[in-house]
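The residues making up each chain are set out below.
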Amino acid sequence: MNRFLLSTSLCASATVAAAQDTNDMRTFLFIGASNSAAWEMQIANPGDRAASVKGGIEALGGELLSYYWGLGNGKNYITVALPDDATFIQAFYVSRLGDGLLEEYQMIELMSSADMAEALARVPEIKAQDDLK
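Not measured: the values here are computed from a predicted model.

Here we look at the pairing of strand 2 (residues 63–69)
Phase 1 of the analysis: Bridge analysis of strand 2 against strand 3 (residues 75–83) gives six bridges, and the strand direction is antiparallel. Bridge assignment links Tyr-67 to a residue of strand 3, and that residue is Ile-78.
Phase 2 of the analysis: The turn joining strand 2 and strand 3, which pair antiparallel and follow one another in sequence, is formed by five residues; a positive phi near 100° is taken by Gly-72.

Here you go:
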């Protein structure tokens, strides 16, 4: 997990200043499946991974919202709030790809029910635009 924090810090450090100037946050769900090397590392050094991940995310101007493991599938499910900066968010995502500890990795942006209601209210506007084409 220390590799994750280091690679995240290195890859995203150039955009941290810009990201911290942004007050708006976006919420993401990260789903990861560890490979055998990652499992060996975790078994050799058991501990609450949320604590180390939290510090790294906070240092980048984000907030760890939750960190769970899926019983039966061994995947981790991490929700974070990140500064609303598209290049920062992409750098954050990509930084995790190069550490060689994941078999599978997804990033899904989450939206609140209230935000979905606003989006649904705009559907007629979008459909009207499509009808004009």
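Now, onward.
Topic: the nonpolar core
The tendency in soluble globular proteins is for nonpolar side chains to be buried as a group.
Phase 1 of the analysis: Counting residues in hydrophobic clusters, the biggest one holds 17 residues, and the most contacted among them are Phe-30, Leu-64, Val-80 and Leu-82.
Phase 2 of the analysis: Of all the elements in the fold, those that place two or more residues in this core are strand 1 (25–34), helix 3 (49–59), strand 2, strand 3, helix 4 (86–95) and strand 4 (102–110).
Phase 3 of the analysis: It is helix 4 that contributes the most residues to this core, four residues altogether.

With respect to the sheet that holds strand 3
Phase 1 of the analysis: Sheet architecture is open: four strands sit in the order 2-3-1-4, paired in antiparallel fashion. For this open sheet the edge positions go to strand 2 and strand 4, each flanked by a neighbour on one side alone. Within the sheet, the average angular offset between the axes of one strand and its neighbour, ignoring direction, is 15°.
Phase 2 of the analysis: Relative to strand 4, strand 1 runs antiparallel, the two sharing eight bridges. Opposite Ile-31, over in strand 4, you have Gln-106 as the bridge partner.

Side note on the side chain of Thr-79
Phase 1 of the analysis: For Thr-79, the position within the fold is in strand 3.
Phase 2 of the analysis: Of the polar contacts made by the side chain of Thr-79, one reaches the side chain of Ser-66; its length is 2.4 Å.
Phase 3 of the analysis: If sequence neighbours within four positions are ignored, Thr-79 has contacts with Phe-28, Leu-29, Glu-63, Leu-64, Leu-65, Ser-66 and Leu-110.

Rules used throughout
Residues numbered from 1 in each chain as written. Predicted model: local features only at pLDDT ≥ 70, side-chain atom pairs only at ≥ 80, totals over all residues. Heavy atoms only, no water. Pairing = 2+ DSSP bridges. Helix = DSSP H or I, 4+ residues; strand = E, 2+ residues; numbered from the N terminus. Core = buried A, V, L, I, M, F, W, Y, C linked by side-chain atoms within 4.5 Å. Buried < 20%, exposed > 50% of the residue type's maximum accessible area, 1.4 Å probe, protein only. Axes fitted to C-alpha atoms, helices over the stretch in contact; angles between N-to-C directions. Polar contact = N/O pair within 3.5 Å; in protein donor to acceptor, adjacent residues only side chain to side chain. Contact = heavy atoms within 4.5 Å.

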